[in-house]
Amino acid sequence: MVRIGAHVDQTDPLASAAAKKAEAVQFFLGDPQGWKAPVLPEGHEAIRDSEVDVYIHAPYVVNVATSNNRIRIPSRKILAQQLEGAAQIGAKGLIVHGGHVLKKDDPQTGFDNWRKVFERMECPIPVLIENTAGGDNAMARMLERIARLWDALDGFDVGFCLDTCHAHAAGEDLTDIVDRVRAITGRIDLVHCNDSRDAFGSGADRHANLGDGKIDPELILKVVREAGAPVIVETPGDGQAADIAWLRDNL
């Protein structure tokens with residue numbers, strides 16, 4: 001059976017895991033919209049030594065693809081810091097969004113910038129690049145772009161996080177998404193299992209609890225079953241325990 005958990009507050013992840021009956025947790029090491037160095041939760045040794053699997057999500061501001069030096073250079077710095085902090089806490093992986101290039105830029109610039117990250121950075125734990133929901137200049141919204149990104153990263157051990165809401169919002173059919181992703185990346189390391197508040201192809205990154213959104217629940221289950229990877233729900237907090245229970249009952 002796959003291990004199922006939730007994105008929780010960083011204050012006391014183990015208490016949140018117990019309350020939600022989660023086998024895994026994901027959280028931020030600080031402000032998700034900030035550039036400060038990561039801060040480990042109090043008692044992080046207990047988190048590291050627990051039976052709960054841990055995933056860390058990098059701040060949303062990270063964009064290593066851009067040609068804007070004021071964003072790309074600090075993004076590389078904070079990504080390295082996040083990797084170090086996540087490793088200290090025993091995380092299974094660090095999830096990071098694919099980022100985007102400027103409107104005037106050739107997308108290849110972004111792919112090349114991603115390669116430079118792995119050429120210059122030590123990775124004590126896996127980096128899991130996540131597909132994103134919107135943006136014409138995104139590196140990881142559509143599978144065609146993800147394929148070009150993986151071509152650029154050939155030779156590096158890079159993981160993939162599949163977000164169901166993001167794929168739906170991007171306009172990618174979930175019916176065969178697992179096979180199509182694996183044909184590109186060779187792997188799916190984590191599933192962000194989220195329903196979507198918005199219609200297919202909307203480009204809107206707004207998560208809903210499972211069964212409360214626009215994605216057919218049976219399609220969500222199909223993705224999770226076929227991926228066979230650990231699952232994190234990033235749904236509204238009040239419904240996360242029910243989402244985890246529903247997945248366990250139906251998988």
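Look above for the structure.
Owing to the predicted nature of the structure, the values given are computational and were not obtained by experimental measurement.

(A) Spatial organisation of the packing of aromatic side chains. Under the defined criterion, the tally for this structure stands at 4 aromatic pairs. Ring geometry for Trp114 and Phe118: centres 6.0 Å apart, planes at 20°, overall stacked. One end of the pair, Trp114, and the other, Phe118, are both in helix α4 (residues 107-120), 4 residues apart, so they sit about a helical turn from each other. The class of Trp114 is buried, set by a relative accessible area of 0%. When the ring of Phe118 is compared with that of Phe156, the centres are 5.9 Å apart and the planes differ by 35°; the resulting orientation is tilted. Separated by 38 residues along the polypeptide, Phe118 in helix α4 and Phe156 in the loop between α5 (143-152) and β6 (159-163) bring together distant segments of the chain.

(B) Examining the packing of α4 against α5 more closely. Running from amino to carboxyl end, α4 crosses α5 at an angle of 40°, the nearest separation of the two axes being 8 Å. Between α4 and α5, the crossing angle belongs to the class labelled oblique. The crossing of α4 and α5 is right-handed. Across the interface between the two elements, Pro107, Gln108, Phe111, Trp114 and Arg115 of α4 pack against Arg145, Arg148, Leu149 and Ala152 of α5. Residue composition of the contact of α4 with α5, grouped by class: 5 nonpolar, 1 polar and 3 charged.

(C) Broad picture of the pairing of strand β3 (residues 53-57). The element β3 is extensively covered by neighbouring structure, given that 5 of its 5 residues are classed as buried. Alternating residues of β3 divide into Asp53, Tyr55 and His57 and Val54 and Ile56, and every residue in both groups is buried. For the handedness criterion, the β-α-β arrangement of strand β2 (residues 24-27), helix α2 (residues 44-49) and β3 is classed as right-handed. Note that β3 and strand β4 (residues 93-97) share 3 bridges and pair parallel. Opposite Ile56, over in β4, you have Leu94 as the bridge partner. Considered for its hand, the β-α-β crossover made up of β3, helix α3 (residues 69-88) and β4 is right-handed.

(D) The arrangement of the environment of Asp205 in detail. Assignment of secondary structure puts Asp205 in the loop between β8 (195-196) and β9 (207-208). The class of Asp205 is partly exposed, set by a relative accessible area of 42%. Along the chain, Asp205 and Gly134 lie 71 residues apart, while their C-alpha atoms are 7.3 Å from each other. Dropping the residues within four chain positions of it, Asp205 is found in contact with Ala133, Cys165 and His166. A distance of 3.0 Å separates the side chain of Asp205 from the side chain of His166, its partner in a polar contact. A distance of 2.9 Å separates polar atoms of two side chains, one belonging to Asp205 and the other to His207.

(E) Expanded view of the sheet that holds strand β10 (residues 231-233). Here 8 strands make up a closed barrel; going around it, the order is β1-β2-β3-β4-β5-β6-β7-β10 and the pairing parallel. The sheet shows a mean angle of 25° between the axes of neighbouring strands, direction not considered. Two strands pair when backbone bridges link them, and β4 and strand β5 (residues 127-130) are joined in this way by 4 bridges, in the parallel orientation. The partner of Leu94 across the bridge, within β5, is Val127.

(F) Focus on α4. Its 14 residues give α4 an end-to-end C-alpha distance of 21 Å, which sits within 8% of 20 Å, the value for a rise of 1.5 Å per residue. Three or more residues of α4 are buried, namely Pro107, Gly110, Phe111, Asn113, Trp114, Val117 and Phe118. Along α4, the residues classed as buried sweep out an arc of 160° about the axis, all on the same side. The inward-facing, buried residues of α4 contact α3, β4, β5 and α5. The N-cap residue of α4 is Asp106: its side-chain oxygen and the backbone nitrogen of Gln108 are 2.9 Å apart.

(G) Just unusual backbone geometry, in detail. Not every positive phi belongs to a glycine, and Lys21 is a case in point at roughly 55°. You can see Lys21 is positioned in the loop between α1 (13-20) and β2. The class for Lys21 is exposed, based on a relative accessible area of 63%.

(H) Expanded view of α1. Listed in full, the buried residues belonging to α1 are Pro13, Ser16, Ala17 and Lys20. The buried residues of α1 all sit within an arc of 100° when viewed along its axis, so they share a single face. The outward face of α1, more than 90 degrees from its buried face, is lined by the exposed residues Ala18 and Ala19. Here the buried face of α1 lies against β1 (4-7), β2, α2 and α9 (240-250). Of the residues one or two after α1, Lys21 is the one with positive phi, at around 55°.

Criteria and thresholds
- Residues numbered from 1 in each chain as written.
- Predicted model: local features only at pLDDT ≥ 70, side-chain atom pairs only at ≥ 80, totals over all residues.
- Heavy atoms only, no water.
- Phe/Tyr/Trp six-rings, centres within 6.5 Å; stacked < 30°, edge-to-face > 60°.
- Helix = DSSP H or I, 4+ residues; strand = E, 2+ residues; numbered from the N terminus.
- Buried < 20%, exposed > 50% of the residue type's maximum accessible area, 1.4 Å probe, protein only.
- Axes fitted to C-alpha atoms, helices over the stretch in contact; angles between N-to-C directions.
- Parallel < 35°, antiparallel > 145°, perpendicular 65-115°, else oblique.
- Left-handed = near helix turned anticlockwise from the far one by under 90°.
- Contact = heavy atoms within 4.5 Å.
- Nonpolar A, V, L, I, M, F, W, Y, C, P; charged D, E, K, R; others polar.
- Right-handed = clockwise from strand over helix to strand, strands pointing away.
- Pairing = 2+ DSSP bridges.
- Polar contact = N/O pair within 3.5 Å; in protein donor to acceptor, adjacent residues only side chain to side chain.
- Expected span 1.5 Å × (residues − 1).
- Arc of directions from axis to C-beta.

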